[in-house]
Amino acid sequence: MNTAPRPLLDRFGRVHTDLRVSLTDRCNLRCTYCMPPEGLDWLPRAEVLGDDEVVRLVRIAVERLGITSVRLTGGEPMLRRGLPDLVGRITALGPEVSLTTNGIGLARTALALREAGLHRVNVSLDTLRPERYAAITRRDRIADVFAGLAAARAAGLAPVKVNAVPVRGVNDDEIVPLAEFAAAHGYRMRFIESMPLDAQGSWNRATMVTADEILAVLGERFDLVPVGRHGNAPAEEWRIAGTDTVVGVIASVTRPFCGGCDRVRLTADGQLRNCLFATEESDLRALLRGGADDDRIEAAWKAAIAGKGPGHAIGSADFVRPERPMSAIGG
Ligand code: SAM
Ligand code: SF4
């Protein structure tokens, strides 16, 4: 049998090379734009893929399907026990591996993650003000995030990116301070438009701060030099003139990048999603646990991508919210 990778192609000619793997749907924060104060009905542990199952699926993706980058996310992926070991097993398969985290616990683990081969980290931080952080995340943990960021940089996880979701009337007055903070510490700053993927269903277009607004605010304070987009990356980037600081904006709602999408997502319970906004999933866990061989899993994966739609329809009458919130899909 020939196991050379064959591209994961959909019917619009998009080739999928980026896999997002959710390692848990649980979280130690309760960000207001993501989940309710009481949390969610977490997946029963038996339903969550074990390390061997995750590694097997990533191996099939890398060896047979042309996946070249893997991002580990959640929920909060740092809550996964033995994360450095799992990272080491995944990096050994060859892809570039990155992590999206709220940064809590990173101070303790950054070096072990780097030694396990982790390449890059994105840390979520929506405000620099302790009281506001506690209000947004409903936990008083901003000091842990600052320590995690510093540890990531010291461990050589480069570049360290800071992700912020501006929300009108909540933290939209911190767009410039966050960019200045990133510049001062050598991090890259990325602003993300809020999306209708919160568990409570309370997303409201009026509170979303758009890419145009973010850029207008940044443009008043800095000279921005366009860097463009790296390949199919969702962030459009600008460099602050006279510095090495790069700021990016991910405008999923107002400037969708579906036409160049190269992503596929695996939930913590082993469901393959061909889009963040997909309303259908493919049950790879059932195949894994039912004794399917690699050929069968590869075929199911390809079929899932072949059925991918052209793009999301946020803002149109046709838009259907996915049943799972962002934290249970893997952001
Ligand atoms: N817990 C980790 C974290 O916060 O980085 C990883 C998972 S979280 C779902 C991934 C990213 O999604 C974070 O940067 C978070 O700010 C963002 N996010 C969560 N809910 C969102 C929403 N409704 N719209 C846009 N981004 C959201
Ligand atoms: Fe947790 Fe990340 Fe959602 Fe915040 S955005 S509640 S840190 S999963």
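All values reported here derive from a predicted model rather than from experimental measurement.

A. Local environment of the sheet that holds strand E13 (residues 271-273). With respect to topology, 12 strands assemble into an open sheet ordered E9-E10-E11-E8-E7-E6-E5-E4-E3-E12-E13-E14, the strand pairing being mixed. One side of each edge strand has no neighbouring strand; the edge strands of this open sheet are strand E9 (224-228) and strand E14 (282-283). Pairing analysis gives five bridges linking strand E3 (residues 18-22) to strand E4 (residues 69-73), with the strands arranged parallel. Directly across from Val21, in E4, lies its bridge partner Leu72. Here helix H1 (residues 51-65) sits on the sheet in contact with E3, E4 and strand E12 (263-266), set at roughly 175 degrees to E3.

B. Looking closely at the site of ligand 1. Close to ligand 1 lie 18 residues; Tyr33, Gly75, Glu76, Ser124 and Met195 are nearest. Contact distances for ligand 1 include 3.0 Å between a nitrogen atom and a backbone N or O atom of Gly75. Starting from 530 Å² of accessible surface for ligand 1 in isolation, the protein chains cover 95%. Across the shell around ligand 1, the residue classes tally to six nonpolar, 10 polar and two charged.

C. Structural context of the pattern of salt bridges. Going through the model one piece at a time under the given rule, you end up with 25 salt bridges. Among the salt bridges present, the one from Arg59 reaches Asp294, with a minimum N-O distance of 3.0 Å. Highlighted residues: Arg59 in helix H1 and Asp294 in helix H9 (residues 294-306), separated in sequence by 235 residues. Residue Asp295 pairs with Arg64 through a salt bridge whose shortest N-O separation is 2.7 Å. Highlighted residues: Asp295 in helix H9 and Arg64 in helix H1, separated in sequence by 231 residues. When its relative accessible area of 5% is taken as the criterion, Arg64 is described as buried. Overlapping salt bridges bring together Arg56, Arg59, Glu63 and Asp294 as one network.

D. Spotlight on the site of ligand 2. Taken together, the neighbourhood of ligand 2 is formed by Cys27, Leu29, Cys31, Cys34, Met35, Gly75 and Asn102. Of the residues in the shell around ligand 2, the class split is five nonpolar, two polar and no charged.

E. Broad picture of the packing of H1 against H9. Closest axis-to-axis distance for the H1/H9 pair is 10 Å, and the angle between their directions is 75 degrees. With respect to H9, the axis of H1 lies roughly perpendicular. Across the interface between the two elements, Arg56, Leu57, Arg59, Ile60, Ala61, Arg64 and Leu65 of H1 pack against Asp294, Asp295, Ile297, Glu298, Trp301 and Lys302 of H9. Looking at side-chain class alone, the contact of H1 with H9 contains six nonpolar, no polar and seven charged residues.

F. Here's a closer look at the UniProt feature "domain: Radical SAM core" (unreviewed entry) in the protein chain. Feature annotation in UniProt places "domain: Radical SAM core" (unreviewed entry) on residues 11-235, given in this structure's numbering. As annotated, residues 11-235 has a helix share of 34% and a strand share of 17%, and its two end C-alpha atoms lie 24 Å apart.

G. Region of the structure containing the pairing of strand E7 (residues 160-164). Most of E7 is tucked away, with five of its five residues classed as buried. Alternating residues of E7 divide into Val160, Val162 and Ala164 and Lys161 and Asn163, and every residue in both groups is buried. Where E7 lies against strand E8 (residues 188-192), four bridges are found, and the strand directions are parallel. Among the inter-strand pairings, Ala164 is bridged to a residue of E8, identified as Phe191.

H. Region of interest: the UniProt feature "binding site: S-adenosyl-L-methionine" (unreviewed entry) in the protein chain. In this structure's numbering, the residues bearing the UniProt feature "binding site: S-adenosyl-L-methionine" (unreviewed entry) are Tyr33, Gly75, Ser124 and Met195. For Tyr33, a relative accessible area of 26% corresponds to the partly exposed category. Not counting chain neighbours up to four residues away, the residues in contact with Tyr33 comprise Asp126, Ile136, Val165, Val167 and Asp198. Looking at the secondary structure, you find Gly75 in the loop between E4 and helix H2 (83-91). Discounting chain neighbours no more than four positions away, the residues touching Gly75 are Thr24, Asp25, Arg26 and Ser327.

I. Representation of the packing of helix H3 (residues 106-115) against helix H5 (residues 142-154) in the model. With their axes 8 Å apart at the nearest point, H3 and H5 run at an angle of 20 degrees to one another. Regarding the angle of H3 to H5, the classification is roughly parallel. As for the relative orientation of H3 and H5, their crossing is right-handed in sense. The segment H3 lies against H5, with Leu106, Ala107 and Ala110 engaging Ala147, Gly148, Ala151 and Ala152.

Criteria and cut-off values
- Within each chain, residue numbers correspond to sequence positions counted from 1 in written order.
- Chain labels run from A onward and ligand labels from 1 onward, assigned in the order the entries are written.
- Totals for whole chains, interfaces and linings use every residue, but because this is a predicted model, local features are given only for residues with pLDDT of at least 70 and side-chain atom pairs only at 80 or more, for both listing and counting.
- Where side-chain values are given, they derive from all heavy atoms of the structure, hydrogens and water being excluded.
- Only when DSSP finds a minimum of two bridges between them are two strands counted as paired.
- The numbering of helices and of strands both runs from the N terminus, where a helix is a DSSP run of H or I of at least 4 residues and a strand a run of E of at least 2.
- Contacts: residue pairs with any heavy atoms within 4.5 Å of one another.
- Here an angle of 0 to 180 degrees is reported between the N-to-C directions of two axes, which are lines fitted to C-alpha atoms, with helices fitted over the stretch in contact.
- We call a residue near a molecule or strand as soon as one heavy atom of that residue lies within 4 Å of the molecule or strand.
- Polar contact is defined as a pair of N or O atoms within 3.5 Å, subject to the rule that within protein one atom must be able to donate a hydrogen and the other to accept it, and that residues adjacent in sequence are counted only when both atoms are side-chain atoms.
- Note on areas: Shrake-Rupley with a 1.4 Å probe; residue coverage comes only from the protein chains shown.
- Side-chain classes follow a simple rule in which Ala, Val, Leu, Ile, Met, Phe, Trp, Tyr, Cys and Pro form the nonpolar group, Asp, Glu, Lys and Arg form the charged group, and the remainder, Gly included, forms the polar group.
- The salt bridge definition used is simple: a Lys or Arg side-chain nitrogen within 4 Å of an Asp or Glu carboxyl oxygen.
- Three labels apply to residues, based on accessible area from a 1.4 Å probe with only protein chains included: buried if under 20% of the type maximum, exposed if over 50%, partly exposed otherwise in between.
- For classification purposes, an angle smaller than 35 degrees is called roughly parallel, one larger than 145 roughly antiparallel, one from 65 to 115 roughly perpendicular, and anything else oblique.
- UniProt positions are given in the numbering used here, feature names are shortened, and annotations may be inferred rather than shown by experiment.
- Each crossing is labelled by how the near helix is turned from the far one, with a counterclockwise turn of less than a right angle marking it left-handed and a clockwise turn marking it right-handed.

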